[in-house]
Amino acid sequence: MQMVSSISLNRDTKFIQTICAIVLKGHWTKLLNPNAASSLTSTTIHQLLLNLCQCSYSPSLSWAFFQWTESTVQNYKHSLQSYWTMIHILTKHKHLRKAQNLLEKIALRDFLSTPSVLNALVNVHDDPDGNSHVLSWLVIFYTNSRMTQDALHVFDQMRVLGLRPHLPACTVLLNSLAKDRWTDMVWKVYKKMVRLGVVANIHVYNVLIHACCKSGDVEKVEKLLSEMESKCVKPDLFTYNTLIALYCKKGKHYEVLSVQDMMEREGVSPDIVTYNSLIHGFCREGRMREAMRLFRDIKNATPNHVTYTTLIDGYCRVNDLEQALKLQEVMVAKGLYPGVVTYNSILRKLCEEGRIRDANRLLNEMNEKNVEPDNVTCNTLINAYCKIGDMGSAMKVKNRMLEAGLKLDQFTYKALIHGFCKVKEMDHAKELLFSMLDDGFSPSYCTYSWLVDSYCNEDKEEAVIKLLDEFVSRGLCVDISVYRALIRRLCKREKVDYAQGLFSIMQGNGLSGDSVIYTSLAYAYWKAGKSKACSDMLEEMYKRRLMITLKIYRCFSASYANDNDILGLFWSHVVDRGLMSKHILKEMQQPNS
């Protein structure tokens, strides 16, 4: 058996040597012979490419032969193994652009990022540096192609195979995860990267600090700054700008001043991004004097659209529309024409003040200056019309939104439903609710509350029950969130009998109530003087091990703030039943509770 295997191996070696000789002599057409062509397997091509590279001390002949076989030999297509071999040859000889292009060609093939395929390909070449190089490119390609999961699969497989990813690949992957707000994954990848021996540079730290800024995690930022100091990695302008943005967002004025001092000590001059962050910090707190003082003190930087828009929005928020409009004129005089964000700030203030005519004039100005309205523009107008009960104008804006290619969002639906409930046009309100659900949005508690309130105000509580039938007839799922919102609002309206009716329907449909539903019903019974029914509800909660959480306690205490005495007795009744945690009991003992 061993002799047969040896003979077969010798034949393969001789065949490869023969083909190699033919290629070196330039007699490539001989390979088009059916017998020769049929023997050109992926294994043969793999070995030929390696042999040709060794013979010519350059990848040129291997590359030319690789291209020729697929374009000329009939019915031949390179396998993943052949591609992988060619990529490695090109990489080894520093033909990096060609190697990357070839890798990108196969990267979108099915299952390339799966562990079994990657493991098989890596075993084709026992070259850790080459494999690290190629797989690092693959991580970058998948990340840039928005195929984040594939990039993570490749990164993890590199870890399993003991291959060290290149720093640029780690940076690109971390940056993409941070932008998509995959904060937990950012830290997991960073920890794995460090364990693999990849040394973080300023770019990596900037990505991590930026991720902290997005999640508002000041504590982690402090740890990162300490780590940078211990590793002698100096912050740059991007680091300082991100820190200032985070501290301004958190209202940490002392920390902002500390960062400014650090910048000055290190000789890093602030740019317009720095100034914009500082101005934004003052504006969001309504400190317009400080914001304008800083604006006038800007040095070695030029105010841009963001600077003026931030100030205009700040003045609008402190009800100084006159000053906001003056700044808009200054902005235009400087050759900076307002964009949609600038107009939206002014429009919002005009609508808040009920100046709908002025708002429409502003809209016409936007049209004349070819500034396209966005969802915020349209939603602001729709909300303003809904508040004054002009539903015809609100629907016209909604239709114009759709004609302009904009999509209705959750805010649009909420404003329109609230508006129709306000003018007691319940059929329109219901239709919009169903459209909202069809578009994949989940109505909040307040959306259902408006519907319940409107029906109750007209003594049409039965319509709330019938609403569930309409859900079913339209093929929509009535989950616990719908029942919870309706029951909770009916209890708030002291319509406990109707709430109990919905609760019975819910149980009949195989759904069990949660802590919010049971607590709402129990309190409604307690307030109505039906202590037995209240006790039954609490007893059922106890049997089902449904506890009142701190969030529920705070929500109820805020919602029924006017019922202090009744609510206090109710909570005492609940405590006796053992349905509250120690955290809530501790909070209840606080003087402000």
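Residues numbered from 1 in each chain as written. Predicted model: local features only at pLDDT ≥ 70, side-chain atom pairs only at ≥ 80, totals over all residues. Heavy atoms only, no water.

- Named according to an unreviewed UniProt entry, the chain is Pentatricopeptide repeat-containing protein originating from Melia azedarach.

### Quick notes on helix 6 (residues 96-107)
In step 1: A rise of 1.5 Å per residue sets the reference length of helix 6, with its 12 residues, at 16 Å; its end C-alpha atoms lie 16 Å apart and thus fit the reference within 8%.
In step 2: For helix 6, every residue scored as buried is listed here: Ala99, Leu102, Leu103, Ile106 and Ala107. Seen from one end, helix 6 has its buried residues packed into an arc of 140 degrees, which puts them on one side.
In step 3: Taken together, the buried residues of helix 6 touch helix 4 (60-72), helix 5 (80-92) and helix 8 (128-144). (Helix = DSSP H or I, 4+ residues; strand = E, 2+ residues; numbered from the N terminus. Expected span 1.5 Å × (residues − 1). Buried < 20%, exposed > 50% of the residue type's maximum accessible area, 1.4 Å probe, protein only. Arc of directions from axis to C-beta. Contact = heavy atoms within 4.5 Å.)

### Quick look at the pattern of salt bridges
In step 1: For the structure shown, the criterion picks out 29 salt bridges.
In step 2: Residue Arg355 pairs with Asp358 through a salt bridge whose shortest N-O separation is 2.9 Å.
In step 3: With its nearest N and O atoms 3.6 Å apart, the salt bridge here joins Lys530 to Asp497. Separated by 33 residues along the polypeptide, Lys530 in the loop between helix 30 (515-527) and helix 31 (531-543) and Asp497 in helix 29 (residues 496-508) bring together distant segments of the chain.
In step 4: Assessed through its relative accessible area of 54%, Asp497 is described here as exposed. (Salt bridge = Lys/Arg side-chain N within 4 Å of Asp/Glu carboxyl O.)

### Thoughts on the packing of helix 5 against helix 6
In step 1: At a minimum axis distance of 8 Å, the contact between helix 5 and helix 6 shows a crossing angle of 160 degrees. Between helix 5 and helix 6, the crossing angle belongs to the class labelled roughly antiparallel. As helix 5 runs across helix 6, the sense of the crossing is left-handed. Contacts between helix 5 and helix 6 pair Leu80, Tyr83, Trp84, Met86, Ile87, Leu90 and Thr91 from the former with Leu96, Lys98, Ala99, Leu102, Leu103, Lys105 and Ile106 from the latter. (Axes fitted to C-alpha atoms, helices over the stretch in contact; angles between N-to-C directions. Parallel < 35°, antiparallel > 145°, perpendicular 65-115°, else oblique. Left-handed = near helix turned anticlockwise from the far one by under 90°.)

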